[in-house]
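Coordinate inspection notes
Given next are the chains, with one letter for each unit.
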Amino acid sequence: MTATAPQSLATLPLGDDALILSQRLGEWAGHAPVLEEEVALANIALDLLGQARALYAGLSDVLGSEDEIAYLREERAFRNCQLVEQPNGDFAHTIVRQLFFSAYQQPLYARLAPVLPLAAKAVRETAYHRDHAEQWTVRLGDGTEESHARTQRAADALWRYTDELFEPIEGLEVEWQELAEEWKADIREVFGRAGLTVPQGPGKDAWAAGAGRQGLHTEPFGRLLAEMQHLHRSHPGATW
Amino acid sequence: MTSVTSPPRGGTAGAEAHGGPGAAEPGGPEAEGALQEAFDAAVAADERIEPRDWMPDAYRSTLIRQIAQHAHSEIIGMQPEANWITRAPSLRRKAILMAKVQDEAGHGLYLYGAAETLGASREELLDKLHDGRQKYSSIFNYPTLTWADVGAIGWLVDGAAITNQVPLCRCSYGPYARAMVRICKEESFHQRQGYELLLALARGTEAQCAMAQDAVDRWWWPSLMMFGPPDDESAHSAQSMAWKIKRHSNDELRQRFVDICVPQAEALGLTLPDPDLRWNEERGHWDFGAIDWEEFRQVLKGNGPCNEQRLRRRRTAHENGAWVREAAAAHAAKHAARSAS
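What counts as what
Residues numbered from 1 in each chain as written. Chains lettered and ligands numbered in written order. Predicted model: local features only at pLDDT ≥ 70, side-chain atom pairs only at ≥ 80, totals over all residues. Heavy atoms only, no water. Helix = DSSP H or I, 4+ residues; strand = E, 2+ residues; numbered from the N terminus. Rg over C-alpha atoms; globule rule 2.2 N^0.38 Å. Contact = heavy atoms within 4.5 Å. Areas by Shrake-Rupley, 256 points an atom, 1.4 Å probe, with all protein chains shown as cover. Lys, Arg positive; Asp, Glu negative; His and termini not counted. Charge placed at Lys NZ, Arg CZ, Asp CG, Glu CD. Buried < 20%, exposed > 50% of the residue type's maximum accessible area, 1.4 Å probe, protein only. Polar contact = N/O pair within 3.5 Å; in protein donor to acceptor, adjacent residues only side chain to side chain. Salt bridge = Lys/Arg side-chain N within 4 Å of Asp/Glu carboxyl O. Core = buried A, V, L, I, M, F, W, Y, C linked by side-chain atoms within 4.5 Å.

The name an unreviewed UniProt entry assigns to chain B is 1,2-phenylacetyl-CoA epoxidase subunit A, from the organism Streptomyces spirodelae.

For chain A, the name recorded in an unreviewed UniProt entry is Phenylacetate-CoA oxygenase subunit PaaC, with Streptomyces spirodelae as its organism.

Our next topic: the overall build of chain A. A count of helices and strands for chain A gives ten helices and zero strands. Reading the helices (α) and strands (β) of chain A from amino to carboxyl end gives α-α-α-α-α-α-α-α-α-α. In terms of overall dimensions, chain A is globule-like: its C-alpha atoms have a radius of gyration of 17 Å, near the 18 Å expected for 240 residues. For the C-alpha atoms alone, the extent of chain A along its principal axes is close to 55 × 40 × 40 Å. Residue pairs at least 24 apart in sequence account for 82% of intrachain contacts in chain A once pairs closer than 6 positions are excluded. A total of about 9600 Å² of accessible surface is found on chain A, and carbon and sulfur atoms cover 51% of it. Computing the positive centroid from 21 side-chain charges and the negative centroid from 36, chain A places the two 2 Å apart.

Another aspect to go through is the environment of Y176(B). Residue and element names in this part refer to chain B. Following the sequence through the fold, Y176 ends up in helix α7 (residues 174-202). Taking the relative accessible area as the measure of exposure, Y176 reaches 1% and is therefore buried. In this view, Y176 contacts L63, Q66, I67, H70, L111, A114, L168 and C171; residues no more than four positions away in its chain are not counted. There is a polar contact of 3.5 Å between the side chain of Y176 and the side chain of Q66.

Okay, the pattern of salt bridges next. Residue and element names in this part refer to chain A. With the rule as written, the count across this model stands at 33 salt bridges over all chains. With a shortest N-O distance of 2.6 Å, R111 and E178 are connected by a salt bridge. Placement of R111 in helix α6 (residues 91-112) and of E178 in helix α9 (residues 176-194) is noted, with a sequence separation of 67 residues between them. Taking relative accessible area as the criterion, R111 reaches 10% and is therefore assigned buried. By relative accessible area, E178 is classed as partly exposed at 39%. Through salt bridges with shared partners, a single ionic network connects R130, E134, D186, E189 and R193.

All right, on to the interface of chain A and chain B then. How big an interface is tends to be stated in terms of the accessible area lost upon association of its parts. Each partner contributes residues to the interface: chain A has 47 residues there, and chain B has 45 residues. Remark: the boundary between chain A and chain B carries three salt bridges. The residue R338(B) makes a salt bridge to D142(A) at a minimum N-O spacing of 3.2 Å. The tally of links between chain A and chain B comes to 17 residue pairs in polar contact (both at pLDDT 80 or more). Listed by contribution, the elements that provide at least two residues to the side of chain A that touches chain B are α1 (12-26), α2 (35-57), α4 (66-71), α6, α7 (117-142), α8 (145-158) and α10 (219-234) of chain A. The element best represented in the side of chain A that touches chain B is α2(A), accounting for eleven residues.

Counting 172 residues, the largest nonpolar core has L19(A), F100(A), Y104(A), W147(B) and W155(B) as the members making the most contacts within it. Ranked by the residues each element gives to this core, the list is headed by α6(A), at twelve residues. Non-local contacts of F100(A), meaning those with residues more than four positions away in its chain, are made with L83(A), A155(A), L158(A), W159(A), T162(A), L165(A), W183(A), I187(A) and F191(A).

With the exception of glycine, most residues fall at negative phi, and the peptide bonds are largely trans. Residue and element names in this part refer to chain B. Here D46, not a glycine, exhibits a phi torsion of approximately 60°, which is positive. Within the secondary structure, D46 sits in the loop between α2 (28-44) and α3 (57-82). Using a relative accessible area of 48% as the deciding quantity, one classes D46 as partly exposed. Of note, K244 is a non-glycine position whose phi angle comes to about 60°, a positive value. Position of K244 relative to the elements: it lies in the loop between α9 (237-242) and α10 (250-268).

Shown next, in the form of structure tokens:
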């Protein structure tokens, strides 16, 4: 724990992660496999949206209102990791994405809690998100042949987006290497219980994500923003 | 009502009960007569009927039908609003809408739970929804075309639902009445949010104001239809009133709703699309124009703008979730087996 107070825009990537994952989870409304998951996924989406709003509020002196930050930036100005912008896919895909993200966000917020009031509050929420994703990963990995295969496919597909999580965010004093090791140990443990294989990761020459924090995103992200921002942008200056 | 409990029927009491003829009860027709008398007395005394109490089969099946239809309406009703979650024009509105749609899923859970106390499983009820044997509120067969529709649904549709549902908090069946207390609290919150959304639009730019008026124009008449057919054509009303499942007639509730909405529309600065709307001093109520019951019948028959889409979306979500539910069941079984060994 070597955190010091975050510098000016250092929390923007955290806010963008939360907003974009919330947006993705919001797409599940009305489509979840059981009613309990309608409630759970919406709950996680709401928590993340609340985190994004609190983080954006802290940036308003520099970037303007929360709606200006969310609705009026272009794709290249967003600093979220590429993992959170990946399309929902099937339920296994959504769960594995959530596990990878929450197993990162929870210890990160725990480290930032002493210096970032939002992190102190949100760390409890993220622990719940992580727990929810963990339980489902184990259920799906262990459940049936089909659920196992789907979950393994999701893990294999999303693994390339995980290294990026540990790229240092400028202005956040965190032991990123230590965080990465904790995360990997955590995922190994959950995957072990789920009977899933931890992916090896892309080969040396293959493509791996690493530029979301610099504002380079994947193709699906443009559509996500188009949908999210369209109405707000259609009525410049209007209040809602 | 605790004085009379039904004779024991084994573990699946309710499931058998809502199909089986009452005369086959242990104890025979005489005991049945006494049970019926006790039930009638409890209803007359405004006591609550509880899951373990004896109840007539027709009372049970009426409740299952009504609670299931209500539960289905909650989960189908998520669709038209979820349609705008990803496009909500401010983060504050997005959070409110997400929370509202989540509440509807929660209402579905309580209501399926209430139906389960009568012996109908959620799975069985969902099957009936999916194959069209049970209905959901016809209002959700109309589309949400603009953001203002989210406000109009909150103000008018939730408003009509509350008018219908507040009396259900005193319904004779305990679990349903208690579920409704909680649901009505949340619904009235939603209704205020919808009204406030429309107010922001009505006081906004010209385009926003036009959007609000257009939404109210489209949702007004379907909202009035939510109270069901006129009293003289309502199939289930008389018996439900006698059982105190229902407390007021369709037309009474519709009039109450119109009387509440007219001044609210005025406060919004929006008009209601009814040239015949005028205050009737003698009645002490607002008179309103004739409802197009042919449209109502068409939508009920499946010919509304979104009937096919709503049901297909629901079935697809259910089918796509089958492997998830199977996985959860398989894991639970394996886990239990491992724990036992």
